[in-house]
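Per-entry structural report
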Amino acid sequence: MQAFTTHQGRMLPLDRANVDTDAIIPKQYLKSIRRTGFGPFLFDDWRYLDPGTLDVDPATRRVNPDFVLNEPAREGASILLARDNFGCGSSREHAVWALKDYGIRCVIAPSFADIFFSNCFKNGVLPIVLDNAALDHLFATAKASPEREAQIDLGAQIVSCDDQQFPFDIDTKRKQNLMEGLDEIGITLTQADAIRAYEERRRKEAPWLFRGARA
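Just so it is clear, the model here is predicted, and its values are computed rather than measured.

So, the overall build of the chain
Tallying secondary structure elements over the chain gives eight helices and seven strands in all. With respect to the three principal axes, the spread of C-alpha positions in the chain is 70 × 45 × 25 Å. In the chain, which comprises 215 residues, the proportion classed as buried is 45%. The contacts of the chain with a sequence gap of at least 6 include a subset with a gap of at least 24, amounting to 67%. Of the roughly 11,400 Å² of accessible surface on the chain, a fraction of 49% belongs to carbon and sulfur atoms.

Printed below as a string of structure tokens:
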């Protein structure tokens, strides 16, 4: 998993509350479990005027010129701004895969759905909770000046923009795992030596459990 320590990028203002995971990545794309390739389908129903599936090349579809992702000035933005209860709905991890594949490294909102919030940490995307006053400032800046960037310092737990700083809270263990680039598999592998030692000991203590198993 890609580590997250600091990040600087332009902001993508999605000024909507209660954005559910079916809006982030619609159900027809859940057939794929590759974790990659979902970026072109992010916010699919809002982004395109034509319906799509995995078999339809997004380049052949008409884009919605009124949707924020399709504004030329927003290309390459990597910090998503949203309103309350972002990521509600189903527990599909594909929603975070789509955000990450598009290039989003951080989502800032006043509140998140619990499962989506957890899935972000499992995939190297930082979800930040800021109050509405801070979000109002960031939204106003992003809308007025699409080229303006925000800076995120995970170690210091601060979002900076326009000479203003907005501190945020984060669970200590989740922060450490993000900064070290460790997902759940990576965390397990940090104990690889202890796991191998345990398996060797069990082979000697109870060899019948390993009959037929690979050495």
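Concerning the sheet that holds strand β7 (residues 164-167)
Across the sheet, seven strands lie side by side as β4-β3-β2-β1-β5-β6-β7; this open sheet has mixed pairing. The open sheet has two edge strands with one neighbour each: β4 (126-129) and β7. Between one strand axis and the next, the sheet turns through 25° on average, direction left out of account. Looking at chain direction, strand β1 (residues 6-13) and strand β2 (residues 79-81) are connected through three bridges and run parallel. Counted as the bridge partner of Leu12 is Leu80 from β2. Contacts from helix α5 (residues 132-144) reach β1, β2, β3 (106-109), β6 (158-161) and β7 within the one sheet, and its direction differs from that of β1 by about 75°.

A short note on the environment of Leu135
The residue Leu135 is located in helix α5 in this model. Taking C-alpha positions, Leu135 is 7.8 Å from Ile108, a pair spaced 27 residues apart along the chain. Ignoring anything within four residues of it in the chain, the contact list for Leu135 reads Leu81, Ala82, Arg83, Ile108, Ala109, Pro110 and Leu130.

Overview of the packing of aromatic side chains
All told, the structure shown has ten aromatic pairs when counted by the stated rule. Here the aromatic rings of Tyr29 and Phe41 are separated by 4.2 Å at their centres, their planes lie at 15°, and the arrangement is stacked. A residue pair is termed long-range when its members are at least 10 positions apart, and Tyr29 in the loop between α1 (21-24) and α2 (44-47) and Phe41 in the loop between α1 and α2 qualify at twelve residues. Comparing Tyr29 with Phe41, the two get one shared label, buried. Here Phe38 and Trp97 contribute two aromatic rings whose centre-to-centre distance is 6.0 Å and whose plane-to-plane angle is 35°, an arrangement assigned as tilted. In this pair, Phe38 is assigned in the loop between α1 and α2 and Trp97 in helix α3 (residues 94-102), connecting sequence segments 59 residues apart.

Considering the packing of α3 against helix α4 (residues 114-122)
Put simply, α3 and α4 touch, their axes get as near as 9 Å, and they point 50° apart. Taken together, the axes of α3 and α4 lie oblique to each other. Crossing hand, α3 versus α4: right-handed. For the pair formed by α3 and α4, the contact residues are Ala95, Val96 and Leu99 on the first element and Phe116, Asn119 and Cys120 on the second. Residues belonging to the contact of α3 with α4 are distributed by class as follows: five nonpolar, one polar and no charged.

Some thoughts on α4
Among the residues of α4, Phe116, Asn119, Cys120 and Phe121 are the ones counted as buried. Buried residues belonging to α4 abut α1, α3, β4 and α6 (172-180). Just past α4, the residue Gly124 takes up positive phi, approximately 80°.

Focus on the pattern of salt bridges
Enumeration according to the criterion identifies ten salt bridges in this entry. Arg74 is the salt-bridge partner of Glu71, the closest N and O atoms lying 3.0 Å from each other. Using a relative accessible area of 4% as the deciding quantity, one classes Arg74 as buried. Among the salt bridges present, the one from Glu205 reaches Arg202, with a minimum N-O distance of 3.3 Å. With Glu205 and Arg202 both in helix α8 (residues 192-205) and three residues apart, this pair spans about one turn of that helix. Its relative accessible area of 42% is what places Glu205 among the partly exposed residues.

As for the pairing of β4
Relative to β4, β3 runs parallel, the two being bridged by four bridges. Bridge pairing links Ile108 to Ile128 in β4. In terms of handedness, the path from β3 via α4 over to β4 forms a crossover that is right-handed.

About the thresholds
Residues numbered from 1 in each chain as written. Predicted model: local features only at pLDDT ≥ 70, side-chain atom pairs only at ≥ 80, totals over all residues. Heavy atoms only, no water. Helix = DSSP H or I, 4+ residues; strand = E, 2+ residues; numbered from the N terminus. Buried < 20%, exposed > 50% of the residue type's maximum accessible area, 1.4 Å probe, protein only. Contact = heavy atoms within 4.5 Å. Areas by Shrake-Rupley, 256 points an atom, 1.4 Å probe, with all protein chains shown as cover. Pairing = 2+ DSSP bridges. Axes fitted to C-alpha atoms, helices over the stretch in contact; angles between N-to-C directions. Phe/Tyr/Trp six-rings, centres within 6.5 Å; stacked < 30°, edge-to-face > 60°. Parallel < 35°, antiparallel > 145°, perpendicular 65-115°, else oblique. Left-handed = near helix turned anticlockwise from the far one by under 90°. Nonpolar A, V, L, I, M, F, W, Y, C, P; charged D, E, K, R; others polar. Salt bridge = Lys/Arg side-chain N within 4 Å of Asp/Glu carboxyl O. Right-handed = clockwise from strand over helix to strand, strands pointing away.

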